[in-house]
Amino acid sequence: LSQQVGDKALEATTLTNIGGVYSKLGDKQSALKYYNSALPLSQQVGDKALEATTLNNIGSVYSELGDKQNALKYYNDSLPLSKQVGDKAREATTLSNIGLVYSDLGDKQSALKYYNSALALSKQVGDKAGEATTLNNIGKVYFDLGDKQTALKYYNQSLPLIKQVGDKAGEAATLNNIGAVYSAVGDKQSALKYYNDSLPLIKQVGDKAGEATTLNNIGAVYSDLGDKQTALKYYNDSLALRKEVGDKAGEATTLNNIGFVYSELGDKQTALKYFNDSLALKKQVGDKAGEAKTLNNIGFVYFDLGDKQNALKYFNDSLPLRKQVGDKAGEAATRNNIGLVYGSLGDKQTALKYFNSSLPLSKQVGNKAGEAATLGNIALLERSRGNLQAARTNQEAAIKIIEELRTKIDRQELRTSYFATVQAYYKLYIDLLMQLHKKEPSQGYDALALHISERSRARSLIELLTQANAKILKGANPQLIQQERSLLQQIDATETLRQNLANSPNKNDSTKASIQKLTTQIENLFSQHQEVQAKIRTTSPEYAKLTNPNPEKDILKLPQIQQQLDKDTLLLQYSLGEEHSYLWAVTPTQMQVYTLPGQKEIEKVAERFGTDLPQVTATDLAIQSAKQLTQLILAPVADKLTAKRLVIVADLGLQTIPFGALADITSNKYQPLMINHEIINLPSASTIAIQRQKLANRQSAPKAIAVLADPVYSATDTRVTGKPENTQLGSEIEFERSALARSARSLKRNGWNRLANTAEEAKGILKLIPAATSLEALSFDANYDWATSKTLNQFRILHFATHGFVNQEQPELSGIVLSLVDKKGKPIRGHLRLGDLFNQDYPAELIVLSACETGLGKNVNGEGLVGLTRGLMYAGAARVMLSLWQVSDEGTSVLMQEFYTVLLQQKKTP
């Protein structure tokens, strides 16, 4: 219409507005087309204000496309026009945009100059939106210069202004930037919170470039916390969006981050490919800070590959760029890496020089993780020079930082994954202390090494047990509990859809895309579920009562460990290290430590033993493997084993080994260790004290044993006597069925077959005790309602003889399978999840899971096996008895009856 009536000014304005819409939608080329159509019209009609606006907008497009020089040209053409027409608001915007270009080019001081000029003008004209944007940009400069606290100050000034003017895109960007500050100073939990607050706002306004940035940043948090697969997922989502909107600078950043994940996962060649792709793009868009970062990362790959000279070349190419752009955190990292190269080349003096120049930079910018890394490297260097006390001082300082960073993470699984990434610090510290012990055996370094071993293991479990004593979850906010259950139902529902699509015979590209979309939804739901669990803990009144300012509070030292042992008990605690492993043998009055071979040698034999043992036809092989492993890990303490109860605290690959099947070293022929020794496994020695503290004031349950056995899993079971009146499944039960079916498939089982011998097992056990002190729940009675009934807190022993399973990828999906149908064959709820166990009250002396592989779990470095065991311990079990592999129904029935005969008739009650 404007063309029809010949209104060129209106036509130009409309073209500019259309360009603005395309720009916000991420279609920069279309935006550029409309802006370039508007520009000559605005010049033709002499509308200098509109010309200035259009020139500024064209500059913004070029800037976002990575063409900074072209952007600067258009901004500089726009600026005098805005001044000429007296449009101070537009002048401020253009000044701010010029500052942004200089910031991207690494000239931070010029950027600050332009930003401060823009800020003064925005305040003068009362442009709160412009003021907020510029405050945010100034914060970003200070962030890049390493002054994180000043950056946070500017971001926090910007945020309320942006909210006031209703700029959701700007609010999202500022929340994202605040998250970046917290991430940089090591507070990953706060970073994740701000990023997750930013993400829905960005999606709401359709800012795909901003969404890509936030997804990238969330990925970086997960990467830093050790969850590389989740990081990769977020990075790949970010990369697709960045390509879609043509953000080459952002694309380069995400490519670099993906490369870093692959490098950490050990796939160095794939890492190099991503780094090189990133480097080319960063050079193309003139991103010197990004170029420096990628050069540093390439150098580190070459260092890991043993190519020290190439590593040094890339590090030396990175260092001047990092200085040029004022990236002090990056400079600290590169100096640290150069020090590593010189150290590996034997030039320890030059290495120390670089480490010492890196350390103050990390401190200056508040990069705690970088500071810890450099302190650890100095410790390694000093150890190699024989300066053990200097090495110890630096390693203690590094571990202090790690403990501080760990306590800032509320989400248990993130705290655990982070702790897994820093286990090497504890292993080095143990090794240093043991070297000091060899030099000065009377100074107690061996006892301190045992304490450090305790500090490095099962910390999340120890915290969970401490919380269990306070009954945190049991008094939690009902709304949060309901929210948690709702999320679990959504997870199951979405997984049902995904499995149905995955099992369809004809999968086309659309089906595959749908499966991928559902996979992403499931991962997001899991993340929300974990957030809710963290809220349940931290908002609990009982949690608030816990006082634990000292992270070592619940970690025992030698005298406290010895107080937990009686004269008939020997604690054997293992720590497997790269060069040396250690074994502490502790009694109430003595402690001795032994040096064992390195981790690889021990785990190689342990893995072979674990493979040979369950094979029925491989008895001789299993005996041979048992003897070999016994020689490696028990022979040094052979003289201390006689007539002792053995408490085993294993490590790494030894955690899934049944010590009872090792050879009794005192016998001439093979005899299982369990014949002459009671054997107890603990995730850490400190759990003894926590368990006993929990049990100290607990009254013993009045009745002896409750047995659940032989559930009914299928409507085709002969025990089903009728047909259900309504065969339609409720949504919750339908979701549960799909989850249980998946679990059966993962264990290579065709559904859940009846365990007929478990009924005989139950009856045999119950014959041993008076009926008045026992409870029998067989067949249909072996159901979810029974298993979650408060009646169970009346029994000292709970015995579950049914199917159980452990999901080693997602432990929260592990569980116990109960009756799945009623007497008429109607489906009922029958999956007792790990999450359900955490909400039970089982004050039992012993809980037995008479089912296959229930003692396994996800093996998390530093934490141990995460599975059903900790759920049962949280619920109140003093002791838990489980299996490490698949066992026959009949054989288990016989074993359990024999076990209870000894336990009950000989009055060896737990």
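Residue numbers restart at each chain and count upward from 1, following the sequence in its written direction. Selection of residues for local features in this predicted model requires a pLDDT of at least 70, selection of side-chain atom pairs for listing and counting requires 80 or more, and totals for whole chains, interfaces and linings are taken over all residues. Derived side-chain values reflect all non-hydrogen atoms in the structure, with water molecules and hydrogen atoms excluded from consideration.

**Focus on the overall build of the chain**
- A tally of regular secondary structure across the chain gives 38 helices and 15 strands.
- Counting across all 910 residues of the chain, residues that qualify as buried make up 55%.
- Here a residue-residue contact requires only that any non-hydrogen atoms of the pair lie within 4.5 Å. Restricting the contact set of the chain to residue pairs at least 6 apart, pairs at least 24 apart contribute 66%.
- Areas reported as accessible are Shrake-Rupley estimates using a 1.4 Å probe. Residue values count occlusion only from the protein chains shown. In the form shown here, the chain has an accessible surface area of approximately 39,000 Å², with 50% of it arising from carbon and sulfur atoms. Secondary structure elements are defined from DSSP: runs of H or I of at least 4 residues count as helices, runs of E of at least 2 residues count as strands, and each element is numbered from the N terminus. Note on exposure labels: buried denotes an accessible area under 20% of the residue type's maximum, exposed denotes more than 50%, and partly exposed covers the range between, all computed with a 1.4 Å probe on protein chains only.

**Examining the packing of aromatic side chains**
- The aromatic pairing rule takes the rings of Phe, Tyr and Trp, using the six-membered ring of Trp, and pairs them if the centres are within 6.5 Å, calling planes under 30 degrees apart stacked, those over 60 edge-to-face and the rest tilted. Going through the model one piece at a time under the given rule, you end up with 14 aromatic pairs.
- Pairing Tyr22 with Tyr34 gives two aromatic rings, centres 5.6 Å apart and planes at 10°, and the pair type is stacked. Pair noted here: Tyr22 is in helix H2 (residues 8-24) and Tyr34 is in helix H3 (residues 28-44), with a separation of twelve residues, a long-range link.
- Ring geometry for Tyr302 versus Tyr314: centroids 5.6 Å apart, planes at 15°, classification stacked.

**A closer look at helix H14 (residues 248-264)**
- Taking 1.5 Å of rise per residue, 17 residues should cover 24 Å, and H14 covers 24 Å from first to last C-alpha, within 8% of that figure.
- Turning to H14, its buried residues number three or more, namely Gly250, Glu251, Ala252, Thr254, Leu255, Asn256, Asn257, Ile258, Gly259, Val261 and Ser263.
- Where H14 is buried, its residues meet helix H12 (208-224), helix H13 (228-245), helix H15 (268-285) and helix H16 (288-304). Expected span of a helix: the number of residues minus one, times 1.5 Å.

**Description of the confidence of the model for the chain**
- Here the chain averages 81 in pLDDT, and 84% of its residues register 70 or above.
- pLDDT is defined as a per-residue confidence score from the predictor, taking values between 0 and 100. Overall, residues 727-740 carries pLDDT values under 50, and its contacts beyond four positions in sequence, including any with other chains, amount to 29 contacts.
- When the criterion is pLDDT under 50, residues 742-747 qualifies, and its contacts beyond four places in sequence or with other chains add up to 15 contacts.

**A closer look at the packing of H13 against H14**
- Running from amino to carboxyl end, H13 crosses H14 at an angle of 160°, the nearest separation of the two axes being 9 Å. One element, H13, and the other, H14, form an angle in the roughly antiparallel class. Considering the relative orientation of H13 and H14, their crossing is left-handed. In contact with Lys228, Ala231, Leu232, Tyr235, Asn236, Ser238, Leu239, Arg242 and Lys243 of H13, H14 contributes Gly250, Glu251, Thr253, Thr254, Leu255, Asn257, Ile258, Phe260, Val261, Tyr262 and Glu264.
- Residue composition of the contact of H13 with H14, by class: nine nonpolar, six polar and five charged. Interaxial angle, 0 to 180 degrees, is taken between N-to-C directions of lines fitted to C-alpha atoms, where a helix line uses only the stretch in contact. Here the angle decides the label: under 35 degrees means roughly parallel, over 145 means roughly antiparallel, 65 to 115 means roughly perpendicular, and every other value means oblique. By convention, the crossing between two helices is left-handed when the near helix turns anticlockwise from the far helix through less than a right angle, and right-handed when the turn is clockwise. Residues were grouped as follows: Ala, Val, Leu, Ile, Met, Phe, Trp, Tyr, Cys and Pro as nonpolar; Asp, Glu, Lys and Arg as charged; and all remaining residues, including Gly, as polar.

**Overview of the sheet that holds strand E4 (residues 645-649)**
- Think of it this way: DSSP has to see at least two bridges between two strands before they count as a pair. The five strands lie next to each other as E3-E2-E1-E4-E5, forming an open sheet whose pairing is mixed. Sheet topology places strand E3 (591-596) and strand E5 (679-681) at the edges, where each strand pairs with a single neighbour. Ignoring which end each strand starts from, the neighbouring axes of this sheet average 20° apart.
- Where strand E1 (residues 569-575) meets strand E2 (residues 581-586), five bridges bridge the pair, whose relative direction is antiparallel. Bridge pairing in E2 links Tyr574 to Leu583.

**What about the nonpolar core?**
- The biggest cluster of nonpolar side chains holds 67 residues, and the ones touching the most others in it are Leu571, Trp584 and Val586.
- With nine residues, the single largest contributor to this core is helix H23 (residues 423-439).
- Setting aside its immediate chain neighbours within four residues, Val586 contacts Leu450, Leu558, Ile561, Gln562, Leu565, Thr569, Leu570, Leu571 and Met591.
- As used here, the term nonpolar core means buried Ala, Val, Leu, Ile, Met, Phe, Trp, Tyr and Cys residues forming a set that is joined through side-chain atoms within 4.5 Å. The next biggest cluster of nonpolar side chains, apart from the first, holds 35 residues, and it includes Leu192, Tyr194, Ile202 and Ile218.

**Quick look at the pattern of salt bridges**
- Salt bridges are identified by distance alone: a Lys or Arg side-chain nitrogen within 4 Å of an Asp or Glu carboxyl oxygen. Scanning the model with the defined rule gives 25 salt bridges in all.
- Measuring nitrogen to oxygen at the nearest pair gives 3.8 Å for the salt bridge that ties Asp247 to Arg242.
- Taking the relative accessible area as the measure of exposure, Arg242 reaches 4% and is therefore buried.
- The partner of Glu579 in a salt bridge is Arg383, and the shortest N-O contact between them spans 3.7 Å.

**Structural notes on the environment of Gly339**
- Along the chain, the position of Gly339 falls in helix H18 (residues 328-344).
- Classification of Gly339 as buried rests on a relative accessible area of 0%.
- Along the primary structure Gly339 and Ile378 are separated by 39 residues, whereas in three dimensions their C-alpha atoms are 9.2 Å apart.
- Once residues within four sequence positions are removed from consideration, Gly339 is found in contact with Ala351, Tyr354 and Phe355.

**Description of helix H24 (residues 445-455)**
- Counting buried residues in H24 gives ten out of eleven residues, a clear majority hidden from the surface.
- Buried residues of H24: Tyr445, Asp446, Ala447, Ala449, Leu450, His451, Ile452, Ser453, Glu454 and Arg455, and no others.

**Overview of unusual backbone geometry**
- Despite not being glycine, Ala643 has its phi angle at roughly 60°, a positive value.
- You can see Ala643 is positioned in the loop between helix H31 (619-633) and E4.
- Judged by its relative accessible area of 64%, Ala643 is exposed.

**Examining the packing of H12 against H13**
- The geometry of H12 relative to H13 is characterised by a closest axis approach of 8 Å and an angle of 160° between their N-to-C directions. In terms of orientation, H12 lies roughly antiparallel with respect to H13. Between H12 and H13 lies a crossing whose hand is left-handed. Side by side, H12 and H13 meet where Lys208, Ala209, Glu211, Ala212, Thr213, Leu215, Asn216, Ile218, Gly219, Ala220, Tyr222 and Ser223 of the first sit next to Lys228, Thr230, Ala231, Tyr234, Tyr235, Asp237, Ser238, Leu241, Arg242, Glu244 and Val245 of the second.

**Brief notes about the environment of Asp187**
- Positionally, Asp187 belongs in the loop between helix H10 (168-184) and helix H11 (188-205).
- For Asp187, the residues in contact, after removing those within four places along its chain, are Tyr182 and Lys408.
- At a separation of 2.9 Å, a polar atom in the side chain of Asp187 contacts the side chain of Ser190. Polar contacts, as counted here, are pairs of nitrogen or oxygen atoms within 3.5 Å of one another; within protein the pair requires one atom able to donate a hydrogen and one able to accept it, and residues that are adjacent in sequence qualify only if both atoms are side-chain atoms.

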